[in-house]
Amino acid sequence: MLEPLRQGLPPIDPAAVSGSATCTLPARYEAVGGARQFTRATLNRWELSDRFDDVALVVSELVTNALRHALPADAPRDPQDSPVRLHLMRWTSRLVCAVRDPSQESPVAAEAADSAESGRGLFLVESFSDSWGWHPSPVPGAENSAGAPAPRGKVVWALFRLSGDA
């Protein structure tokens, strides 16, 4: 999950992660509020509460996009299956928010009309984070014909730079 974050940035050592937290989210829009609460509690624990407003806005947009665009409305769902996961990872100088969903469709930033009530999510993610991107998410244990992990879904991530003394 970390490999795409290395593009254009100094190396990230997975062993240097100073904190990580994961939250499974139900396939309901009420999950956005739960994601924000989880983010607040995690940032407070990491003594990063001053970053909450920007990070929570980005988390809200990523989770909303996963719920709105990555989950087919007519697909039957197993109540035990949590199709969306929020991951928060902290290094000394970086914080990454990543949302995993079951769709393999790439996120697309679109121009929203001035009067539109939605359609600006990825613009906000780009504006409030230092960088963002996405990549296919492999299924543990599943392989494609080349022997590589088979993709199932995607991870959309946003990176925030932290001050060196955070």
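Check the entry above for the structure.
Notes on the structure follow. The shown structure was predicted, so the numbers you read here are calculated from the model rather than taken from an experiment. (Residues numbered from 1 in each chain as written. Predicted model: local features only at pLDDT ≥ 70, side-chain atom pairs only at ≥ 80, totals over all residues. Heavy atoms only, no water.)

### Side note on the packing of helix 1 (residues 31–45) against helix 2 (residues 52–70)
Phase 1 of the analysis: Contact pair helix 1 / helix 2: the axes reach a minimum separation of 9 Å and the direction vectors enclose 145°. Note that helix 1 runs across helix 2; the crossing there is right-handed. Of the residues in helix 2, those in contact with Ala31, Val32, Ala35, Arg36, Thr39, Arg40 and Leu43 of helix 1 are Phe52, Val55, Ala56, Leu57, Val59, Ser60, Val63, Thr64 and Leu67.
Phase 2 of the analysis: Classifying every residue of the contact of helix 1 with helix 2 by side-chain character gives 11 nonpolar, 3 polar and 2 charged. (Axes fitted to C-alpha atoms, helices over the stretch in contact; angles between N-to-C directions. Helix = DSSP H or I, 4+ residues; strand = E, 2+ residues; numbered from the N terminus. Left-handed = near helix turned anticlockwise from the far one by under 90°. Contact = heavy atoms within 4.5 Å. Nonpolar A, V, L, I, M, F, W, Y, C, P; charged D, E, K, R; others polar.)

### Some details on the packing of helix 2 against helix 3 (residues 121–128)
Phase 1 of the analysis: Running from N to C, helix 2 and helix 3 cross one another at 150°; their axes reach a closest spacing of 9 Å. Comparing the axis directions of helix 2 and helix 3 gives the class roughly antiparallel. For the pair helix 2 and helix 3, the sense of crossing is left-handed. Of the residues in helix 3, those touching helix 2 at Asp54, Leu57, Val58, Glu61, Leu62 and Asn65 are Gly121, Leu122, Leu124, Val125 and Phe128.
Phase 2 of the analysis: In terms of residue class, the contact of helix 2 with helix 3 is built from 7 nonpolar, 2 polar and 2 charged. (Parallel < 35°, antiparallel > 145°, perpendicular 65-115°, else oblique.)

### Describing the environment of Tyr29
Phase 1 of the analysis: By the element assignment, Tyr29 lies in the loop between strand 1 (19–25) and helix 1.
Phase 2 of the analysis: Sequence-wise, Tyr29 and Thr64 are 35 residues apart; in three dimensions their C-alpha atoms are separated by 7.1 Å.
Phase 3 of the analysis: Leaving out residues up to four positions away in the same chain, Tyr29 has contacts with Thr64, Leu67 and Arg68.

### Quick word on helix 2
Phase 1 of the analysis: Helix length check: helix 2, at 19 residues, gives a terminal C-alpha distance of 25 Å against a target of 27 Å (1.5 Å per residue), a fit within 8%.
Phase 2 of the analysis: For helix 2, a buried count of 14 out of 19 residues is recorded, marking the element as mostly surrounded by other parts of the structure. (Expected span 1.5 Å × (residues − 1). Buried < 20%, exposed > 50% of the residue type's maximum accessible area, 1.4 Å probe, protein only.)

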